[in-house]
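Structural features, examined
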Amino acid sequence: ISHLLSTKYLDLDEILEIFNNAKKFLEVLNRPTKKIPILKGKLILTVFFEPSTRTRTSFEIAGKTLGADVVNLSVSQSSAKKGETIKDTCLTLNAMKPDCIVLRHSVSKIPEYITNFTSAKIINAGDGSNEHPSQALLDAFTLMQHFGDLEDRKILILGDVLNSRVARSNIWLLKKLGAKVSLCGPSTLVREEFEKEWDVDVYWDLDKAISNVDAIIVLRIQLERAASAWIPSTREYSIFYGLNRERLIKNNNVIIMHPGPMNRGLEISSDIADGSNALIRDQVTNGVAIRMSIFYHLLARKADSIGII
Ligand code: CP
């Protein structure tokens, strides 16, 4: 791949190569001295038009650990605030000769659009409700770390699927890895047509949906994308679709994940989020290793073998 825009365009060999290298990078992150300068001399720009804690920070740590120079554009202080278009912003940034631009934007498909105006590799760090491929890669990697492989594993994606870029990227990726994916939420957020469109099972009854699953990826209710317009009230949502210990009594081996940030008490209770079945902190640690592996895949020369470092 020349850019990372979607999990749809990744083939199985590429996915497994990214995972195998991420395992080696996890070992590097556990060393007292973490730096391995295989991307020395490369310039990475992170450009986030929407807020982020995990994705932006972990891309920055990943790039710096690999020895690249990482520059974060502060969008709120940038000329975008004076009305500069995304095309002009990208043409301007491209003139500074970056090797890679990590972009988050509220509009779907903007990362794909800007590939027309830059010679840099583009990484989609979340575009509207379309995709968030690096999140899906770290989610699948975390599940494989736990289960070994995902062949026939039953993975439920719970919540605000309508607005979720994490859901879409995960559906494409988990199915490629052999998992059986189901969705659950109110019919306003988990629409009947998703079943045919995406070849997944759709449930509107949470107790039925969780009875037999191996893992649940809980999604954030995206109030900033007007998700509240699709639910009667947050109180009612948490009664019918909030994940709590009581609900999991019949399936207490199930693995719980959440991409973050969480609305505690709405889509997930604190006893579940902080409980022993949750892999939420592992997801964050793995996120750095996966993003190192993505940079390596896109930017390193073949001669820069990780094995010799
Ligand atoms: N999961 C995720 O994208 O988190 P941030 O918005 O904090 O980057």
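Bear in mind the structure is a predicted one, so any value in this text is a computation, not a measurement. (Residues numbered from 1 in each chain as written. Predicted model: local features only at pLDDT ≥ 70, side-chain atom pairs only at ≥ 80, totals over all residues.)

1. Description of the sheet that holds strand β8 (residues 215–218)
Sheet strands pair via backbone hydrogen bonds, and the direction of the pair is either parallel or antiparallel. Condition: Pairing between two strands is assigned when DSSP locates at least 2 bridges connecting them. Strands here are runs of E lasting at least two residues and helices are runs of H or I lasting at least four, both read from the DSSP assignment and numbered beginning at the N terminus. For helices, the fitted axis covers only the stretch in contact; all axes are lines through C-alpha atoms, and the angles between them, taken along N-to-C directions, range from 0 to 180 degrees.
Spatial strand order, β7-β6-β5-β8-β9: five strands in an open sheet with parallel pairing. A strand with exactly one partner marks an edge of an open sheet, and here the two such strands are β7 (201–203) and β9 (255–257). Neighbour-to-neighbour, the strand axes of the sheet open up by a mean angle of 20°, direction not taken into account. The pairing of strand β6 (residues 180–184) with β7 spans three bridges and is parallel. From the neighbouring strand, S182 faces β7, where its bridge partner is D201.

2. Points about the UniProt feature "binding site: carbamoyl phosphate" (unreviewed entry) in the protein chain
What counts, and what does not: UniProt positions are given in the numbering used here, feature names are shortened, and annotations may be inferred rather than shown by experiment. A pair of residues counts as a contact when their C-beta atoms, built from backbone coordinates, are within 7 Å of each other.
The positions UniProt marks with the feature "binding site: carbamoyl phosphate" (unreviewed entry) are R54, T55, R104, H132, Q135, G260 and P261. Positionally, R104 belongs in strand β3 (residues 100–105). Ignoring sequence-local partners within four residues, the contact set of R104 consists of F48, F49, E50, S52, T55, A125 and G126. When near neighbours in sequence (up to four residues on either side) are disregarded, G260 contacts R54 and I280.

3. Points about the site of the ligand
Going by this rule: Residues are counted as near a molecule or strand when the C-beta atom, derived from backbone positions, lies within 6 Å of that molecule or strand. Residue type decides the class: Asp, Glu, Lys and Arg count as charged, Ala, Val, Leu, Ile, Met, Phe, Trp, Tyr, Cys and Pro as nonpolar, and the leftover types, Gly among them, as polar. Residue ranges assigned to the domains are those given by an automatic or database domain assignment.
Taken together, S52, T53, R54, T55, G126, Q135, P259, G260 and P261 form the complete shell of residues around the ligand. Looking at side-chain class alone, the shell around the ligand contains two nonpolar, six polar and one charged residues. Built from parts of two domains, the shell around the ligand gets at least three residues from each of domain 1 (12–130 + 284–308) and domain 2 (133–282).

4. Here we look at the nonpolar core
The cut-off we apply is this: Core membership is restricted to buried Ala, Val, Leu, Ile, Met, Phe, Trp, Tyr and Cys residues, and these are joined into a nonpolar core through C-beta atoms within 7 Å. Every C-beta atom is placed from the backbone, and the number of other C-beta atoms within 10 Å of a residue's own sets its class: buried at 20 or more, exposed at 12 or fewer, partly exposed in between.
The biggest cluster of nonpolar side chains holds 80 residues, and the ones touching the most others in it are I157, L158 and F295. Top contributing element to this core by residue count: helix α11 (residues 280–299), with nine residues. Viewed by domain, this core spans two of them, domain 1 (12–130 + 284–308) and domain 2 (133–282), each represented by three or more residues. The residues touching I157, leaving out its near neighbours within four places in the chain, are A167, N170, V181, L183, I217 and L219.

5. Focus: helix α5 (residues 133–147)
Our working rule: In this scheme, a helix's expected span is set at 1.5 Å multiplied by one less than its residue total.
An ideal rise of 1.5 Å per residue puts 21 Å on 15 residues; α5 measures up with 21 Å between its terminal C-alpha atoms. The element α5 is extensively covered by neighbouring structure, given that eleven of its 15 residues are classed as buried. The set of residues buried in α5 consists of P133, S134, Q135, A136, L137, L138, D139, A140, F141, T142 and L143. Once α5 ends, the next one or two residues include G148, with phi positive near 90°.

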